[in-house]
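Report on the structure
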Amino acid sequence: MPGAESVAEAERIQQALRQSLVLDDCLPAAPTLVAGVDVSYDKVSPRITAAAVVVDLTTGVEVESVVVPGEVSFPYLPGLLAFREVPLVLAALDRLGHRPDVVVCDGYGVAHPRRFGLACHLGVVTGLPTFGVAKTPFVGSFDEPGVRRGDWSALRDDDEVLGRVLRTQTGVKPVFVSVGHRTSLDRATTLTLDLSARYRLPEVIRRADFLSREALR
DNA sequence: GCGACAG
DNA sequence: ATCTTGTCGC
């Protein structure tokens, strides 16, 4: 699948892919393999790296990880992040020996200007259930959630619920959870908490971040 | 029209 | 994303 060559083309592709988005929950009752993906960028060159980490939720043990090198092929434009990161993330997922039950993305799903963020894009393109966990606000408004781990408030745009502002650690800044593809907001919330027993961000995202970053040098 | 704007 | 030390608190 070739990448978009212009903003107009990217937006056209985005709208087309959005037609295939599935919002029903298709996760197994007890998902076993959870993958986390992330991309790192070099400061002074077009070099980038994508990492994918798979963890067995029943044991909490990492079962596999891969890092793939590449180059930037699309500029960073809010609302079009997927066109910059998905190509290399796909390459990483392809090199995985396991087929994860769900993929956690570093960014947003439907909490997006056109309701089709990175997590939705990756989900539709791979067919895998996905959801996003972002570190900073993007679209929508929200009330500050309670200070305890597990407390959350709705991320919304008028009457539309776009996701949840979730406190994964007591007294720590919350994260923004939104659905990607074939995953419900409740499952995404539960999984995010399960994967964040110790830190603010899901373990798989942290590991993917570390691996992609170190591979850059 | 003018800013804001995931990573 | 990336640039970056010390510092406050458990």
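What counts, and where the lines are drawn
- Residues numbered from 1 in each chain as written.
- Chains lettered and ligands numbered in written order.
- Predicted model: local features only at pLDDT ≥ 70, side-chain atom pairs only at ≥ 80, totals over all residues.
- Heavy atoms only, no water.
- UniProt positions renumbered as here; feature names shortened; annotations may be inferred.
- 1 Å grid on protein atoms, 1.4 Å probe; cavity = no way out; pocket = protein on both sides within 12 Å on 5 of 7 lines; lining within 4 Å.
- Points joined across faces, edges and corners; volume = space filled by probe spheres on them.
- Helix = DSSP H or I, 4+ residues; strand = E, 2+ residues; numbered from the N terminus.
- Nonpolar A, V, L, I, M, F, W, Y, C, P; charged D, E, K, R; others polar.
- Contact = heavy atoms within 4.5 Å.

Looking at an unreviewed UniProt entry, one finds chain A named Endonuclease V and attributed to Micromonospora andamanensis. Taken from UniProt, the Sequence similarities (unreviewed entry) comment for chain A reads in full: "Belongs to the endonuclease V family." Listed in UniProt under the heading Function (unreviewed entry), the comment for chain A reads: "DNA repair enzyme involved in the repair of deaminated bases. Selectively cleaves double-stranded DNA at the second phosphodiester bond 3' to a deoxyinosine leaving behind the intact lesion on the nicked DNA."

**Describing empty space enclosed by the protein**
Summed over the entire model, instances satisfying the criterion amount to one cavity of 30 Å³ or more. By volume, the largest cavity amounts to about 50 Å³. Lining the largest cavity are V37, D38, V39, E85, V89, C105, D106, L118 and L122. Listed by contribution, the elements that provide at least two residues to the lining of the largest cavity are β1 (33-41), α2 (81-94), β4 (102-106) and α3 (118-126). At three residues, β1 tops the list of elements feeding residues into the lining of the largest cavity. Class assignment of the residues belonging to the lining of the largest cavity gives a composition of six nonpolar, no polar and three charged.

**Let's talk about the UniProt feature "site: Interaction with target DNA" (unreviewed entry) in chain A**
UniProt annotation of "site: Interaction with target DNA" (unreviewed entry) refers to Y76 when read in the numbering used here. Here Y76 is to be found in the loop between β3 (61-71) and α2. With sequence-adjacent residues up to four places away left out, Y76 is seen in contact with L81 and R84.

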